[in-house]
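Now for the letters of each chain:
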Amino acid sequence: MNEIFDTDTTFASLGLRKEVLQGITEMGFEHPTHVQSQLIPLAIEGKDILGQSKTGTGKTAAFGIPVLNQLTESDKFGALVLVPTRELAVQVAREIDVIGKHTGLRTVPVYGGQKITIQAKKLERNPQIIVGTPGRIMDMNQRRLLPYKFLKIAMLDEVDRMLDIGFREDIRKILGAIKQPHQTVFVSATISPEIQKLARQYMDNPVDLSTVEAKSLTVSQVNQRFMAVQPWDKRRLLKMIVDREKPNLMLVFCRTKATVDKVAEHLTHKKIDAKTLHADMAQNQRDRVMEQLREGKVHVIVASDLAARGIDVKGISHVVNYDVPDDPEVYVHRIGRTARAGCDGQAIMFVTPDQGALVDGIMELTNTEIHEDSYDDFKDSPPPERDRRRQEAQAKAKAAEVENKSRKINKLPNAQAAADDAKFPGGIVPTALPRKGMGGRLRTRRS
Ligand code: ADP
Ligand code: MG
């Protein structure tokens, strides 16, 4: 069975009208993906759907096609798609608009950072489908430029991100303001049980659709590796990766905007063409970088998690996790920028000596092995003075803490139980021997 495409099915057999089918054919789509062949007929029936499928499996068309199929030109403001970033609003609106080319339906992106007047003009023309970020959507609604009362279908792309703490309140306000009965379709590559519960509050007897099954959360087309590296050697290793791997297009994810800037600066200094993408940049700068990325005019983009979700750009051959993400689900989305729609891709993660538990957490969530890789001629360099002093201070503090604890423990009646705690400060106690594939590293189970 094909992992991505449902090769036994055609779009023509899904019950779509000919204007929509024509758009799909012109996109070059031959067979629907699994999530498309399952979600589209259910959505056409009018069901509420909570859909999960891996990154790059065509979720946009899965929720976009049924909307194009159901709405008519008189359905002004008939559908609303909410997405977490401006870049994604532009991309999703564009894809739906292109597929719907022959339907006469208009799709408009509404997002912050672009002049209100430009978008207001487009809304005055009564488009049928709106794709936007929550803040600007609410703003436009308050200005009475975007009514909710005609809405027939509400969609959340990246539903788990839209319902996490940063957006939750906005989503509650927007969806809560839709008073008439309407259909809801929410999708993501990662949906935890907690998010599922939250999502259901906005849905009417939803169908849980998952094409992920019990296996891995990541597509098999992506080759996942990690490299052990000292924090102060990361930039040197990154430069080596660019030289050795010769990426067609590489996306490098860092934890902070400051690191993004520093890393890009370093690469530029080393004569590698690198651009940045993060939320402190002006929107026109962000747009320019996205344009260059889509045109293949740049080889390396260093980005914050702003670019972690949804971005679909042909030719991204490599994703580097310069910093291990704290949240394992973020890893799934970051590496999902490569190996899309059945293509291959490389994912490399930098892991510093104290980050073993984070990597274990990622492997546990994704249910995939991330194998260790290294360059024979890449050696750790001695820590710079600043790091050396910090390390020494940390080691000293730790030793003092352990000493303190064992002094207390010796006075306790149940010394054995407490001794384990002293041996593994922080409470992470290994419960099993390391697996072979872990290269003899200790694997710990987090409770
Ligand atoms: P997801 O949201 O699941 O991560 P996207 O909707 O961004 O994935 O789609 C990934 C890519 O696959 C896009 O470039 C899209 O145009 C393409 N695509 C979607 N459906 C099909 C299909 N049935 N056949 C071929 N390509 C497809
Ligand atoms: Mg998507």
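### Comments concerning the overall build of the protein
Okay, step 1: For the protein, the count of helices and strands is 16 helices and 14 strands.
Okay, step 2: Whereas a compact globule of 447 residues would reach a radius of gyration of roughly 22 Å, the protein reaches 24 Å, a difference of no more than 12%.
Okay, step 3: Here the C-alpha coordinates of the protein stretch approximately 75 × 55 × 50 Å along the principal axes.
Okay, step 4: Buried residues in the protein amount to 50% of all 447 residues.
Okay, step 5: In the protein, 75% of the contacts between residues at least 6 apart in sequence involve partners at least 24 apart.
Okay, step 6: As displayed, the protein offers around 21700 Å² of accessible surface, 51% of which is attributable to carbon and sulfur atoms.

### Examining the packing of aromatic side chains
Two measures describe an aromatic ring pair: the distance that separates the ring centres and the angle between the ring planes.
Okay, step 1: Summed over the entire model, instances satisfying the criterion amount to two aromatic pairs.
Okay, step 2: Residues Y322 and F350 carry aromatic rings whose centres are separated by 5.6 Å and whose planes lie at 45° to one another, so their mutual orientation is tilted. Of this pair, Y322 sits in the loop between strand 12 (318-321) and helix 13 (328-335) while F350 sits in strand 13 (residues 345-351); the two residues are 28 residues apart in sequence, bridging distant segments of the chain. Of the two residues, Y322 and F350, both sit in the buried class.

### Some remarks on the site of ligand 1
Okay, step 1: With respect to spatial proximity, 19 residues lie near ligand 1, and among them G56, K59, T60, D312 and R340 are the closest.
Okay, step 2: Within the backbone of G56, an N or O atom sits 2.7 Å from an oxygen atom of ligand 1.
Okay, step 3: Note that an oxygen atom of ligand 1 is positioned 2.8 Å from one of the side-chain N or O atoms of R340.
Okay, step 4: Summarising the interface, the protein chains cover 91% of the accessible area of ligand 1, which totals 570 Å² for the free molecule.
Okay, step 5: Classifying every residue of the shell around ligand 1 gives five nonpolar, eight polar and six charged.
Okay, step 6: The residues that make up the shell around ligand 1 include at least three from each of domain 1 (11-208) and domain 2 (222-372).

### A look at the confidence of the model for the protein
Okay, step 1: Residue-level pLDDT values for the protein average 91, and 91% of them are 70 or greater.
Okay, step 2: Between residues 415-421, whose pLDDT stays under 50, and residues either more than four places distant or in other chains, the model counts six contacts.
Okay, step 3: Within the model, pLDDT remains below 50 along residues 433-447, and this stretch shows 29 contacts once partners closer than five positions in the same chain are excluded.

### Quick word on the domain arrangement of the protein
Okay, step 1: Assigned domains within the protein: domain 1 (11-208) and domain 2 (222-372).
Okay, step 2: Taking the mean C-alpha position of each, domain 1 and domain 2 sit 28 Å from one another.
Okay, step 3: Each partner contributes residues to the interface: domain 1 has 17 residues there, and domain 2 has 17 residues.
Okay, step 4: Buried area between domain 1 and domain 2, both sides added, is near 1500 Å², and the carbon and sulfur share of it is 48%.
Okay, step 5: In terms of surface lost to domain 2, no three residues of domain 1 exceed T55, E87 and Q91, which account for 36% of the buried area on that side.
Okay, step 6: Summed over the shared surface of domain 1 and domain 2, the number is three salt bridges.
Okay, step 7: For the pair domain 1 and domain 2, the interface holds 10 residue pairs in polar contact (both at pLDDT 80 or more).
Okay, step 8: Here the side of domain 1 that touches domain 2 takes five residues from helix 4 (residues 86-99), the largest share from any one element.
Okay, step 9: Of the residues belonging to the side of domain 1 that touches domain 2, the class tally is two nonpolar, nine polar and six charged.

### What to know about the side chain of S188
Okay, step 1: Within the element layout of this structure, S188 appears in strand 6 (residues 183-188).
Okay, step 2: One polar contact links the side chain of S188 to the main-chain amide nitrogen of T190, over a distance of 3.2 Å.
Okay, step 3: Residues in contact with S188, not counting those within four places in the same chain, are G51, Q52, S53, K59, E158, V159, D160, R309 and H333.

### Here's the deal with the sheet that holds strand 8 (residues 222-228)
Okay, step 1: Pairing within the open sheet is parallel, and its seven strands lie in the order 10-11-9-12-13-8-14. The open sheet terminates on both sides in strands that have one partner only, identified here as strand 10 (274-277) and strand 14 (371-372).
Okay, step 2: Sheet topology places strand 9 (residues 250-253) next to strand 12; four bridges connect them, and they run parallel. Residue pairing across strands places L251 opposite V319, the latter belonging to strand 12.
Okay, step 3: Those strands touched by helix 10 (residues 234-245) are strand 8, strand 9, strand 12 and strand 13, and its axis lies near 160° from that of strand 13.
Okay, step 4: Along the sheet face, helix 11 (residues 257-269) touches strand 10 and strand 11 (300-303) and points at about 170° away from the line of strand 10.

Cut-offs applied
- Along every chain, residues carry numbers that run from 1 in the direction the sequence is written.
- Starting at A for chains and at 1 for ligands, labels are handed out in the order in which the entities are written.
- Given that this is a predicted model, residues contribute local features only at a pLDDT of at least 70 and side-chain atom pairs are listed and counted only at 80 or more, while totals for whole chains, interfaces and linings are drawn from all residues.
- Note: side-chain values were computed over all heavy atoms of the structure, leaving out hydrogens and water.
- Strands are runs of DSSP state E lasting at least two residues, helices are runs of H or I lasting at least four, and both sets are numbered from the N terminus onward.
- Throughout, radius of gyration means the C-alpha value; the globule benchmark is 2.2 Å times the number of residues raised to the power 0.38.
- Residue exposure (1.4 Å probe, protein chains only): buried if accessible area is under 20% of the type maximum, exposed if over 50%, otherwise partly exposed.
- Two residues qualify as a contact provided that any one of their heavy atoms is within 4.5 Å of a heavy atom in the partner residue.
- Each accessible area is a Shrake-Rupley estimate made with a 1.4 Å probe; only the visible protein chains count as cover when residues are assessed.
- Only Phe, Tyr and Trp rings take part, Trp by its six-membered ring, and two of them pair if their centres are within 6.5 Å. Stacked means planes under 30 degrees apart, edge-to-face means over 60, and tilted covers everything else.
- Here, proximity means that at least one heavy atom of the residue falls within 4 Å of the molecule or strand.
- For this analysis, a polar contact is any N or O atom pair within 3.5 Å, provided that within protein one partner can donate a hydrogen and the other can accept it, and provided that sequence-adjacent residues contribute only side-chain to side-chain pairs.
- Under this grouping Gly is polar, as are all residues other than the nonpolar Ala, Val, Leu, Ile, Met, Phe, Trp, Tyr, Cys and Pro and the charged Asp, Glu, Lys and Arg.
- Segment limits for the domains were obtained from an automatic or database-derived domain assignment.
- pLDDT runs from 0 to 100 and stands for how confident the predictor is about each residue.
- Accessible surface is computed with a 1.4 Å probe, and the buried area is the amount of it that two parts give up when combined, taken over both parts together.
- Put simply, a salt bridge is a Lys or Arg side-chain nitrogen that is within 4 Å of an Asp or Glu carboxyl oxygen.
- The pairing criterion for strands is at least two bridges between them, as found by DSSP.
- Simply put, an axis is a line fit to the C-alpha atoms, just over the touching stretch for a helix, and the angle between two N-to-C directions goes from 0 to 180 degrees.

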